[in-house]
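Chain residues, written in single-letter form:
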Amino acid sequence: MTTFAIKIITLIILILSVGSILAGYLLDLEYSEKLIGFGVVGLFILVFPLFSYYRWKDKNVKDYMITKESLEKMREYKEKKDA
């Protein structure tokens, strides 16, 4: 799948989930609690993982990890800044 397709699918599922939650709160139906539950499940099971995958797909995870080298770089930067 392309990133554009993932973005569109994520947006559609987000709108459906939020709509389901709002419908559950606003409409006085027999199954309102189920609408709210399905909306929350849609957010946590589908939207958040798809969004995370879309945002992290082309990133290098080592750039965001704290390693011995990154700590040294931070210390050197702080020493330069303080001097």
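Just so you know, these numbers come straight off a predicted model, no measurement behind them. (Residues numbered from 1 in each chain as written. Predicted model: local features only at pLDDT ≥ 70, side-chain atom pairs only at ≥ 80, totals over all residues. Heavy atoms only, no water.)

Asks: Would you mind going over the environment of Glu30 with me for this structure?
Replies: Residue position: Glu30 is located in the loop between α1 (3–26) and α2 (32–56). Residue Glu30 is classed as exposed on the basis of its relative accessible area, which comes to 83%. Counting along the chain gives 27 residues from Glu30 to Lys57, while the straight-line C-alpha distance between them is 41 Å. (Helix = DSSP H or I, 4+ residues; strand = E, 2+ residues; numbered from the N terminus. Buried < 20%, exposed > 50% of the residue type's maximum accessible area, 1.4 Å probe, protein only.)

Asks: Which parts of the structure should I look at to understand α1?
Replies: Along an α-helix, residues three or four positions apart point the same way, because every turn accommodates 3.6 residues. Over its 24 residues, α1 extends 34 Å from the first C-alpha to the last, a length consistent with the 34 Å expected when each residue adds 1.5 Å. Buried positions along α1 lie against α2. (Expected span 1.5 Å × (residues − 1). Contact = heavy atoms within 4.5 Å.)

Asks: Any chance you could explain the pattern of salt bridges here in plain terms?
Replies: Close approach of charged atoms allows side chains of opposite charge to pair. A complete count under the given rule lists one salt bridge for this structure. The shortest N-O distance in the salt bridge between Arg75 and Glu72 comes to 3.1 Å. With Arg75 and Glu72 both in helix α3 (residues 68–82), this residue pair falls three residues apart, about one helical turn. In this structure Arg75 comes out as partly exposed when scored by relative accessible area, which is 48%. Residue class for Glu72 comes out partly exposed when judged on its relative accessible area of 37%. (Salt bridge = Lys/Arg side-chain N within 4 Å of Asp/Glu carboxyl O.)

Asks: Would you mind going over the confidence of the model for the chain with me for this structure?
Replies: Any segment with low pLDDT has predicted coordinates that should not be analysed in fine detail. Residues at a pLDDT of 70 or more form 98% of the chain, whose mean pLDDT is 89. Ranking the helices and strands of the chain by mean pLDDT puts α1 first, with 93, and α3 last, with 87. (pLDDT = per-residue confidence, 0-100.)

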